[in-house]
Amino acid sequence: MPRALREVVYVDGVRTVFGKAGPQGLFWKTRADDMGVKVVRELLRRNAKIPPERIGDVIMAATAQVGDQGLTLGRDVALLAGIPQTVPGFAVDRMCAGALTAVTAGAGEIAMGAADVVLAGGIEHMGHHPMGADVEFNPRFVAERLVDPSAVTMGATAENLHDRFPHLEKEDADAFALQSQRRAAAAWENGVMRETVVPMSVFTDEGWKVADRDEFLRPDTTMEGLAALRTPFRPGGRVTAGNSAGLTDGATACFLASEETAAELGLEPRMRLVGYAFSGVEPELMGIGPIPATRRVLEQAGLTLDDVGLFELNEPFAIQVLTWCDAFGVAPDDPRLNPYGGAIAFGHPLAATGVRLMAQLAYGFGERPDVRYGLTALCVGMGMGAAIVWENLRVG
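Here, residues in each chain are numbered from 1, in the same order as that chain's written sequence. Given that the model is predicted, a residue must reach a pLDDT of at least 70 before its local features are reported, and side-chain atom pairs must reach 80 or more before they are shown or counted; all residues, however, enter totals for whole chains, interfaces and linings. The side-chain numbers reported here are obtained from all heavy atoms of the structure, hydrogens and water having been left aside.

Novice: Explain helix α1 (residues 32-46) here, please?
Specialist: An α-helical segment advances 3.6 residues per turn. Residues three or four places apart therefore align on the same side. A run of DSSP states H or I qualifies as a helix once it reaches four residues; a run of E qualifies as a strand once it reaches two. Both are numbered from the N-terminal end. The length a helix should cover is 1.5 Å for every residue beyond the first. The end-to-end C-alpha distance of α1, which contains 15 residues, comes to 22 Å, matching closely the 21 Å that a straight helix rising 1.5 Å per residue would cover. Burial here depends on accessible area, computed with a 1.4 Å probe over protein chains only, as a share of the maximum for the residue type. Under 20% is buried, over 50% is exposed, and the range in between is partly exposed. Three or more residues of α1 are buried, namely A32, D33, M35, G36, V37, V39, V40, E42, L43 and L44.

Right, dumping it as structure tokens:
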């Protein structure tokens, strides 16, 4: 029998700081699932009006679903965080769009009436689980030429984008990276990140310390310094550590609810989910994935890009954002685009990043009550893209 779908709202979202992957990083001696527990507990503390037993599902993403992030992660983290045993949970993987997919999966549950409140997020400990380290690629991919061999090396796919779009030069990528670092530094200085970042006590070789600042921040970055960096993916290439996101550890989590439940509980949701879309592209050009995803979600929502006042795009590589800008006629220095900086400065813990984008968009909506619609979008390994359009619930 026909029934109406329910509207889905974003209530709140938080993240850990993002630390360098590896023995010198903040989270080297911290379990991946414990990072998830930290953000979940903070989310529960900040949203005390949500009874834990009202949570209908806990959905956590991870790209490497092994080791300390290998147990059915949503259930694992929920139990460790003290959420009642009656609340179920599961894990999801769409690589870089993991947390974004956790959100869309939870939104579907809410829209269908299967849950009133969902907790969704992502965890990636790239120090413990380097990308691809525990993966056995099917030899048919290369033997039967199903994908270009470069598709399995993300830096190589970024170099491919430079090849495909030769007018987007290394200097353009470096300039965007410099902008990302400066905007991120300003966001930390102005207290923006304190609204969404959860400090966490971690054990290190020097003893206990508080992880309270992203480790890839480089406020003293210069164009001269960026120009001097080596190009590890190709001799004489254009992709460097300076115009790419570093390998990172981190966790994110957010609360979604139905519009009716939010009103019932006296919550103050930040955004309404308008629509979402996923797309597939050539795996060796995975960075263009957000272009068709953005087009699809705008068409679905009956909007044009001119209707969107804030864009939060992931920055695994500067060239990836530049191709999106090129496709839509958006200047790379447009103040609507990543106004608080992006992954080049913060880092990109794969499956966790989607909720970081949402948290920053929600903050931006609070600062810009004149903006009605915003976009969060990512490219995804093996040739995909993802995009969500959100509506500002604080429009003045």
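The structure having been displayed, the exposition proceeds.
Novice: Help me understand the nonpolar core in this model?
Specialist: In summary, soluble globular proteins display a tendency toward joint burial of nonpolar side chains. As used in this record, nonpolar core signifies buried Ala, Val, Leu, Ile, Met, Phe, Trp, Tyr and Cys residues forming a set joined through side-chain atoms within 4.5 Å. The biggest cluster of nonpolar side chains holds 49 residues, and the ones touching the most others in it are I55, I83, L119 and F255. Top element by residues in this core is α1. It accounts for 7 residues. Core analysis: the second largest hydrophobic core is formed by 42 residues, L168, V239, C325 and C379 among them.

Novice: Sorry, what's going on with the layout of surface pockets here?
Specialist: Of the pockets and cavities examined, the largest pocket occupies roughly 1100 Å³. Elements with a minimum of two residues in the lining of the largest pocket: α5 (154-164) and α6 (170-189). The pocket and cavity definitions rest on a 1 Å grid over protein atoms only: a 1.4 Å probe that fits but cannot leave marks a cavity, an open set with protein on both sides within 12 Å along at least five of seven lines marks a pocket, and residues lining either have an atom within 4 Å of a point. Grid points are joined across faces, edges and corners, and a volume is the space filled by probe spheres set on the points. In this model, the second largest pocket occupies a volume close to 200 Å³. What lines the second largest pocket is a set of 13 residues, among which R6, V8, A111, L273 and V274 lie closest to the centre. Where the lining of the second largest pocket is concerned, the elements lending two or more residues are α3 (98-112) and β10 (271-280). In terms of residue count, the dominant contributor to the lining of the second largest pocket is β10 (5 residues).

Novice: Can you walk me through the environment of A227 in this structure?
Specialist: Within the secondary structure, A227 sits in helix α7 (residues 223-227). Between the alpha carbons of A227 and D306 there is a distance of 34 Å; along the sequence they are 79 residues apart. Residue contacts are counted whenever heavy atoms from the two residues lie within 4.5 Å of one another. If sequence neighbours within four positions are ignored, A227 has contacts with K170 and D174.

Novice: What is the right way to read the packing of α3 against helix α12 (residues 353-367) from this model?
Specialist: The angle between the axes and the distance between the axes are what describe a pair of packed helices. Here the axes come from fitting lines to C-alpha atoms, over the contacting stretch only for helices, and the angles between their N-to-C directions go from 0 to 180 degrees. Where α3 contacts α12, the axes come no closer than 5 Å and their chain directions differ by 75°. Regarding the angle of α3 to α12, the classification is roughly perpendicular. Contacts between α3 and α12 involve A99, L100 and V103 from the first element and G354, V355 and M358 from the second. Between 65 and 115 degrees an angle is taken as roughly perpendicular, under 35 as roughly parallel, over 145 as roughly antiparallel, and anywhere else as oblique.

Novice: Would you mind going over unusual backbone geometry with me for this structure?
Specialist: A negative phi angle characterises most non-glycine residues, just as the trans form characterises most peptide bonds. Backbone geometry places N338, a non-glycine residue, at a positive phi of 45°. On the secondary structure map, N338 appears in the loop between α10 (318-328) and α11 (343-346). A positive phi angle, near 65°, is found at M382, a position not held by glycine. Tracing the backbone through its elements, the reader meets M382 in the loop between β12 (373-380) and β13 (384-392).

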